[in-house]
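Residue-level listing of the chains:
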Amino acid sequence: MDAMELVGGRRLQGRVRASGAKNAALPIMAASILADGPMRLKNVPDLMDIRTMTRLLTALGVRVEREPDGDLILKCTSSRKSEAPYRIMKTMRAGICVLGPLVARRRKVRVSLPGGCAIGDRPVDLHLKGLRALGADLGIEHGYIVGDGKRLRGAEMYLGGPFGSTVTGTANILMAAVLAKGVTVIDCAACEPEVQDLCRVLLKMGAQIQGIGSPRLVIEGVDGLAGCEHAVIPDRIEAGTLLLAGAATGGDVTVEGARWSDLFALVHTLREAGAEVEHFDDTIRVRSRRRLKSVDVTTLPFPGFPTDLQAQMMATLTAADGISVVTEKIFPDRFMHVAELSRMGARIRKEGNAAVVHGAKRLSGAPVMASDLRASAALVIAGLIAQGKTNITRIYHLDRGYEKIELKLGRLGAKIRRYKES
Ligand code: EPU
């Protein structure tokens, strides 16, 4: 198994580019099930989750090929395969994104409920509520969502849950509603940039969608959808992680593929913490000459502060002056990183869905273990600022969402290397 070693204490400096967004690419790949022609996707990162989605789509009769130039070509055969097996679904929750397209296109479905997750409960009740409102007859049997549908009909629905909107739930309903007969209205739809990108792909395929980027989506069903070509948006979470690494190390880092419109919650938070942040077309530069100040952060659905940057923000705040309160309103148990950061000397007290971070004491490098994707990214930031050596094991979690992270950080001046655990 791969592990990572970091020697902390270096200021990061330079320019780096964020890859394509994993969480945009995954549902867009699933949309290939809806297309009558081939899809050509550009800017799809080469990551474990993308390979898992490729396996899942292949099992569902989609031919997926990576061309030498990096483009991903997806061609749906006329297959009637409609089983998303547990052996694949258990490794990646985003596999649930095939549910909407399968219900709309193949009608008969057998989709395994996704596996457990380190960041807390992740039910799919809202996905089922929305699809049932469209007329899908779905039940749960032996860990599988099963259904034997007919043509779906447009409906009005409210997709808000106890923690706000649902990202992949909105994606699933959208991908079913585009082929339903009549008009569908989704209220409390997720507004995340990744959902907007999926909408843009569906438009290119011939779908009719209004209200993109707002919490009310109005979809008028069409009879069929064509293939299309699309460049996936850059990964705002990877970009945000690199900006935080720059700010945490007192560095000067410019990230290309960092769009202000996707990242303003982070940018304002960093400014409040005393960093200088400038933004250009799709580039953001962060400079932090002085020690950062404490800030309070609350995660919320977009355009609020993203839960996927909460762990990395917390690692950054361990080096800030004062006390910060980090409140998690999307996944109230998403605090697996707290114990590992504490092993590195961070002073963090967990209180319900919040963590109180006493900053300023310098972390000390230690052997730590990655528990989930974003927690691993937090440990990388902690390793960059800590005194001495940090060894992170189980970095396959990191590899699920960050393409060539050690090369990118290395180019910015980090002392970082990947090695095989003996
Ligand atoms: N929820 C329900 N019922 C549902 C669906 C969700 O109660 O049917 C709750 C969840 O338990 C959670 C909240 O609603 O409390 C939001 O969950 P959401 O459905 O939006 O999450 P998701 O679609 O499963 C996506 C990202 C996550 C990201 C969240 C929130 C993908 C593939 N995954 O998950 O990304 O944290 O939205 O923004 O898009 C990551 O990349 O590390 C990651 C976990």
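A quick note: this is a predicted structure, and the numbers were derived from the prediction, not measured.

Cut-offs used in this document
Residues numbered from 1 in each chain as written. Predicted model: local features only at pLDDT ≥ 70, side-chain atom pairs only at ≥ 80, totals over all residues. Heavy atoms only, no water. Core = buried A, V, L, I, M, F, W, Y, C linked by side-chain atoms within 4.5 Å. Buried < 20%, exposed > 50% of the residue type's maximum accessible area, 1.4 Å probe, protein only. Contact = heavy atoms within 4.5 Å. Phe/Tyr/Trp six-rings, centres within 6.5 Å; stacked < 30°, edge-to-face > 60°. Helix = DSSP H or I, 4+ residues; strand = E, 2+ residues; numbered from the N terminus. Lys NZ or Arg CZ within 6 Å of the ring centre and 35° of its normal. Axes fitted to C-alpha atoms, helices over the stretch in contact; angles between N-to-C directions. Parallel < 35°, antiparallel > 145°, perpendicular 65-115°, else oblique. Left-handed = near helix turned anticlockwise from the far one by under 90°. Nonpolar A, V, L, I, M, F, W, Y, C, P; charged D, E, K, R; others polar. Pairing = 2+ DSSP bridges.

Chemist: Quick question: what am I supposed to make of the nonpolar core here?
Modeler: It is characteristic of soluble globular proteins that their nonpolar side chains tend to be buried jointly. Membership of the largest hydrophobic core comes to 78 residues, with the highest contact counts inside it found for L34, M53, V98 and L202. Dropping the residues within four chain positions of it, M53 is found in contact with L26, M29, A30, M92, A94, G95, C97 and V98. Residues L12, I237, L244 and I405 belong to the second largest nonpolar core, which totals 69 residues.

Chemist: Quick question: what am I supposed to make of the packing of aromatic side chains here?
Modeler: For any pair of aromatic rings, geometry is given as the distance between the ring centres together with the angle between the planes. Within the structure shown, the criterion is met by two aromatic pairs. With a centroid separation of 5.9 Å and 50 degrees between ring planes, the pair formed by W260 and F264 is classed as tilted. Of this pair, W260 and F264 both sit in helix α9 (residues 260-272), four residues apart, which is roughly one turn of the helix. Judged by centre distance (6.2 Å) and plane angle (50 degrees), the ring pair of F264 and F302 falls under tilted. Within this pair, whereas F264 is found in helix α9, its partner F302 is found in the loop between β18 (297-298) and α10 (310-317), the two being separated by 38 residues in sequence. Under the relative-accessibility criterion, F264 is labelled partly exposed at 27%. For F302, a relative accessible area of 15% gives the class buried. Through pairs of rings, three or more aromatic residues link up here, namely W260, F264 and F302. For R110, the ring lying beneath its charged end belongs to Y144, and the centroid distance is 4.0 Å.

Chemist: Honestly, the packing of α10 against helix α12 (residues 373-385) in this entry has me stumped. Any pointers?
Modeler: When two helices pack together, their arrangement is given by the angle between the helix axes and by the axis-to-axis distance. Running from N to C, α10 and α12 point in directions that differ by 20 degrees, and their axes come no closer than 7 Å. It follows that α10 is roughly parallel to α12 by the angle criterion. Here α10 and α12 pass one another in a crossing that is right-handed. Each of A311, Q312, A315 and T316 in α10 lies in contact with α12, whose residues at this interface are R374, A375, A377, A378, I381, A382 and I385. Split into classes, the residues belonging to the contact of α10 with α12 amount to eight nonpolar, two polar and one charged.

Chemist: What should I look at first to understand the side chain of T254 in this one?
Modeler: Structurally, T254 is set in strand β15 (residues 252-256). By relative accessible area, which is 9% here, T254 ends up buried.

Chemist: Help me understand the sheet that holds strand β22 (residues 367-369) in this model?
Modeler: Note on sheets: strands pair through backbone hydrogen bonds, and any given pair is parallel or antiparallel. An order of β22-β23-β1-β24 is seen for the four strands of this open sheet, with the pairing classed as mixed. The open sheet terminates on both sides in strands that have one partner only, identified here as β22 and β24 (415-420). Going across the sheet, the axis of each strand differs from the next one's by a mean of 25 degrees, ignoring polarity. In terms of strand pairing, β22 meets strand β23 (residues 389-393) through three bridges, oriented parallel. Following the sheet pairing, M369 is matched in β23 by T393. Contacting β1 (2-7), β22 and β23, α12 runs over the sheet at an angle of about 30 degrees to β1.

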